[in-house]
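Inside the fold
Here is how the chains run, residue by residue.
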Amino acid sequence: MVTIIQNGTRVVRYSQNSMAVTRCICSMVTFRQLKQVAQENGITTVDELQRVRPFGLSCKLCLPYVRQMLKDGTTEFEHSIIE
Ligand code: FES
């Protein structure tokens, strides 16, 4: 495991056999689906996205990933993002 800092955010990379993070498991919605909702509605923030398609209201572990998705369009993460 390697921990690096990217733009002030701690990113933990696992060496092998880790599963990609692709969804909010509490709300059963993928980042790909959320990205589509964001694009269709011109959404650029998590708060705006949550108003249109509720997610991220339980453990909130998905929120840093969705923030990153809104920044660069990534929908599958091979590393952990810890804010
Ligand atoms: S993974 Fe999104 S609220 Fe738990």
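The structure this text deals with has already been given above.
Residues numbered from 1 in each chain as written. Predicted model: local features only at pLDDT ≥ 70, side-chain atom pairs only at ≥ 80, totals over all residues.

**Let's talk about the packing of helix α1 (residues 31-41) against helix α3 (residues 63-72)**
- Across the interface, α1 lies against α3 with an axial gap of 10 Å and an inter-helix angle of 50°. Overall, the two elements α1 and α3 adopt an arrangement that is oblique. Both α1 and α3 take part in a crossing whose hand is right-handed. Across the interface between the two elements, Phe31, Leu34, Lys35 and Ala38 from α1 touch Tyr65, Val66, Met69 and Leu70 from α3. (Axes fitted to C-alpha atoms, helices over the stretch in contact; angles between N-to-C directions. Helix = DSSP H or I, 4+ residues; strand = E, 2+ residues; numbered from the N terminus. Parallel < 35°, antiparallel > 145°, perpendicular 65-115°, else oblique. Left-handed = near helix turned anticlockwise from the far one by under 90°. Contact = placed C-beta atoms within 7 Å.)

**A few points about the environment of Ile82**
- Mapping Ile82 onto the fold places it in strand β5 (residues 79-82).
- Residue classification places Ile82 among the exposed residues on the basis of 11 C-beta atoms within 10 Å.
- Sequence-wise, Ile82 and Tyr65 are 17 residues apart; in three dimensions their C-alpha atoms are separated by 9.1 Å. (Buried ≥ 20, exposed ≤ 12 C-beta atoms within 10 Å, placed from the backbone.)

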